Amino acid sequence: MKKTFKELCELFGDVEDTRSRLDMTSLMSGFLGQCSLYDIQIISYLIQGRVAPMFVNSEFNYSEKSMINLIEGYSKSNQSRGEISKLREELGDIGDAVSQMSEGLKKKVQKRSISDVYELLWDIVNTTGSGSVGRKGNMIMDFILTSSEIEAKYFSRIVCGSLRLGLHSKTMMDVFSYMVIKDKSLSEEFNRVYGISADIGYVASLLDSFEENKVKKNISNLTVTPGFPILARLVERVGSFKEVLKRLGGEILVQPKFDGLRLQIHKFKKEDLLNREVIWQKFLVEKNDEVSLFGGSKEENVIVKLFTRNLEDVTDMFPEVVEEARSIEGINSFILDSEVLGWDYTKDTFLSYQKTMQRKRKYDVDTIKENIPVRAMIFDLLYLNGKDLTTMDTVKRIERMEKLFGREEGSIKVAQTVRVKKTKELKEIFDDYVNNKGLEGVIVKQLVGGYKAGARNYEWIKLKKSMESGLVDTVDCVVVGYNYGSGRRAQLGMGALLGAIYNEENNTYDAICKIGTGISDELFKKIHQVLKPFIVSSIPKNVVVNDLLKPDVWVVPKFIITVDADEVTRDIGKDENGVGNGLSLRFPRLVEWDRDTGLESITTVRDLITIFELNHS
Ligand code: ATP
């Protein structure tokens, strides 16, 4: 029997109420086991709050504010009381508010299949241009008036981009493994294919008829394909320079650590593009007839694509990198991993993170490109002339990159790699980069081992300048509130930001400290303005704060800040199992406002415990 959208929403409710990853896995695999492969693919996207992978431009572009206006407008014209905004503030969640409101709205409930709702969601995505908010609103209202409360709740959360079930892709890979062989032994393989395809619905399609041999063959056949981004490899942290060589063996590779925007550069020929069977492709409406999902104009045979660490397609933002990649002769196809930075070509030096980020915009690219040119510092080669290099040793991939891409000029430049055998040499290089060249630190890499897409382990390690002043790593917090402050600060509108980290056990954002240092008056004013539209009157859903830290104003968790501190403190015994496991920061100071990383990559409770232990070992 086909599962309905209502049943899927009930499952979402159960998943949200579940803390243990194992219980989530069993809930999900039990449900998916009763679905068609097509529905499994759809559900895989929906649990991420999307209709397609991140690299496909398929946003709903419908804000909570529009949802509130929509329902308020409807309520007024139907003489029912428009209290949605009040409810939204009280409950801290748009889904709960819409669901409660929908109880009182007149309706005729329809039974809907999962695929019907998926198609409707695509219709909303594909409604663009002038008057689109109104047209989307009609579709959404029509849904709300003809669905149950629980459907209205999750539908509105998906459309407003605030689903956040706390069900991570790693758990989904366990689910897939359970569905095929009733245990977790295929999870690692599934993680590998998810890493190199970055498309959860595509991984689901490999489940075929759940026959073990068929599935194993499907997943082992999958290789990297240019045009489809792969998950960026992540780095670990350690407590001291000495530990690096201890962990990585007799010899290591040392590269500068740049602070810009992670950028994957893909170049390929149209005919290289494997025809992947992906369900989202059939719903895509090309915005411009001349442009295809993977291409430049239709006539062009050579295609260049750029993706960030969050898999966002940013090809149009960095035309000089695209041109440079295009102009590289003698290499038909490649994928490079790099960090793109604003660049001062007259002084041959990089610009600040904030300046670089000014280039991350869709409009006026030609003007900003003149003021802030960029350069992509490449540090890895993942694919070359039709061959997947991700299983090749790092040292070989880097040597190949140096040989083929080593050029002095232009917008693509090879980052320097040095082979080091002694801690003393490592420290000297680190000091040179940090003290003389103004860099953030170094990244150390093991010579052997492939490029494990999306993985974080000790084969790649970061050493940051924050190590010397206190923490082995800076902390990325999400802002969940602020205090008014006193004196001059009060006139600026705020005195300190409340920062939270992610608690993966509870799927909550746990507040750990107030940050008032390292923020200029100018910046305070700016932050005050930026946060205004995100203020809510009660504590937002999934945020937990202890009484000592309660802020004057709550804001929706959205903006990420990088924070340095003297040390991580832990209230062992008293508050160890409480909010944020009793963790806090001593003398926190702001390093960067509005970090472009995404909520899923902020510092977690587990990360902060590691930093705490490394600093105390
Ligand atoms: P995390 O990866 O722990 O979430 P983060 O996003 O704050 O932390 P950093 O601490 O800045 O990241 O360190 C990792 C990032 O450094 C990489 O994602 C990459 O963008 C950047 N980076 C700069 N230079 C290099 C390099 N040579 N090799 C690999 N990554 C580099």
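Asks: Looking at this model, I keep getting lost on the overall build of the chain. Mind explaining?
Replies: Helix and strand counts for the chain come out as 23 helices and 22 strands. Scaling as 2.2 N^0.38, a compact globule of 617 residues should have a C-alpha radius of gyration of about 25 Å, and the chain matches this with 25 Å. Expressed along its principal axes, the backbone C-alpha trace of the chain runs to roughly 75 × 65 × 55 Å. Counting every position in the chain, which comprises 617 residues, the buried fraction comes to 57%. Sequence separation of 24 or more characterises 73% of the internal contacts of the chain that already satisfy a separation of 6 or more. Here the chain displays about 26,900 Å² of accessible surface, and carbon together with sulfur accounts for 47% of that area. With 87 positive and 91 negative side-chain charges, the chain shows a spacing of 1 Å between the two charge centroids.

Asks: In this structure, what is going on with the sheet that holds strand β1 (residues 234–237)? I would like to understand it.
Replies: The strands making up a sheet associate through hydrogen bonds between their backbones, and the pairing can be parallel or antiparallel. The 5 strands are arranged β1-β12-β11-β2-β10 in an open sheet whose pairing can be described as mixed. Each edge of the sheet is formed by a strand with only one pairing partner; in this case those strands are β1 and β10 (418–420). Taken over all neighbouring pairs, the strand axes of this sheet differ in orientation by 40 degrees on average, direction set aside. Two strands pair when backbone bridges link them, and strand β2 (residues 252–257) and strand β11 (residues 441–446) are joined in this way by 6 bridges, in the antiparallel orientation. Bridge pairing links I252 to Q446 in β11. Sitting on the sheet, helix α14 (residues 241–248) touches β2, β10, β11 and β12 (456–464), and the angle it makes with β12 is about 160 degrees. On top of the sheet, helix α18 (residues 394–405) reaches β2, β10, β11 and β12; it is set at about 55 degrees to β2, its chief contact.

Asks: Got a minute to help me understand the layout of surface pockets in this structure?
Replies: Here the idea is plain: a probe the size of a water molecule rolls over the atoms and shows the empty space left. Roughly 380 Å³ of volume is contained in the second largest pocket. Lining the second largest pocket we find 22 residues, and of these D259, E440, K465, V591 and E592 sit closest to its centre. At the level of secondary structure, the elements contributing two or more residues to the lining of the second largest pocket comprise α16 (353–357), α20 (466–469), β19 (560–564) and β22 (589–592). For the lining of the second largest pocket, the class distribution of residues is 7 nonpolar, 7 polar and 8 charged. When residues of the lining of the second largest pocket are assigned to domains, at least three map to each of domain 3 (234–468) and domain 4 (475–615).

Asks: Got a minute to help me understand empty space enclosed by the protein in this structure?
Replies: According to the stated counting rule, one finds 3 cavities of 30 Å³ or more in the structure shown. In this model, the largest cavity occupies a volume close to 170 Å³. For the largest cavity, the lining is made up of 15 residues, of which G92, D93, S162, R164 and K541 are closest to its centre. Of the residues assigned to the lining of the largest cavity, the class counts are 6 nonpolar, 3 polar and 6 charged. Both domains that furnish three or more residues to the lining of the largest cavity are identified here as domain 1 (5–159) and domain 4 (475–615). As for the second largest cavity, its lining consists of I230, L231, A232, R262, L263, Q264, F307, T308, R309, L311 and D337. With 3 residues, strand β3 (residues 261–269) is the largest single contributor of residues to the lining of the second largest cavity.

Asks: Please clarify how unusual backbone geometry should be interpreted in this entry.
Replies: In terms of backbone geometry, most residues other than glycine have negative phi values and most peptide bonds are trans. Despite not being glycine, L311 shows a phi value in the positive range, around 70 degrees. The class of L311 is buried, set by a relative accessible area of 6%. The residue D594 is not glycine, and still its phi comes out positive at about 60 degrees. Within the secondary structure layout, D594 lies in the loop between β22 and α23 (605–616).

Asks: Explain the site of the ligand here, please?
Replies: Around the ligand, a shell composed of 18 residues is seen, among which K257, R309, E339, K462 and K464 lie nearest. Contact between the ligand and Q255: a nitrogen atom at 3.1 Å from a side-chain N or O atom of the residue. Within the complex, the protein chains bury 93% of what would otherwise be the 620 Å² of accessible surface of the ligand. Of the residues contributing to the shell around the ligand, the split by class is 6 nonpolar, 2 polar and 10 charged.

Asks: Even after reading the chapter, I still don't get the packing of aromatic side chains, so can you show me in this structure?
Replies: Two aromatic rings, taken as a pair, are described by how far apart their centres are and by the angle between their planes. In this structure the tally under the stated criterion is 16 aromatic pairs. Judged by centre distance (6.4 Å) and plane angle (80 degrees), the ring pair of F55 and F307 falls under edge-to-face. Here F55 is found in the loop between α3 (37–46) and α4 (64–77), whereas its partner F307 is found in strand β4 (residues 302–307), with 252 residues between them in sequence. An identical accessibility class is assigned to F55 and F307; each is buried. Each residue in the set F55, F228, W280 and F307 is aromatic and connected to the rest through ring pairs, giving one cluster.

Cut-offs applied
Residues numbered from 1 in each chain as written. Predicted model: local features only at pLDDT ≥ 70, side-chain atom pairs only at ≥ 80, totals over all residues. Heavy atoms only, no water. Helix = DSSP H or I, 4+ residues; strand = E, 2+ residues; numbered from the N terminus. Rg over C-alpha atoms; globule rule 2.2 N^0.38 Å. Buried < 20%, exposed > 50% of the residue type's maximum accessible area, 1.4 Å probe, protein only. Contact = heavy atoms within 4.5 Å. Areas by Shrake-Rupley, 256 points an atom, 1.4 Å probe, with all protein chains shown as cover. Lys, Arg positive; Asp, Glu negative; His and termini not counted. Charge placed at Lys NZ, Arg CZ, Asp CG, Glu CD. Pairing = 2+ DSSP bridges. Axes fitted to C-alpha atoms, helices over the stretch in contact; angles between N-to-C directions. 1 Å grid on protein atoms, 1.4 Å probe; cavity = no way out; pocket = protein on both sides within 12 Å on 5 of 7 lines; lining within 4 Å. Points joined across faces, edges and corners; volume = space filled by probe spheres on them. Nonpolar A, V, L, I, M, F, W, Y, C, P; charged D, E, K, R; others polar. Domains from an automatic or database assignment. Near = heavy atom within 4 Å. Polar contact = N/O pair within 3.5 Å; in protein donor to acceptor, adjacent residues only side chain to side chain. Phe/Tyr/Trp six-rings, centres within 6.5 Å; stacked < 30°, edge-to-face > 60°.

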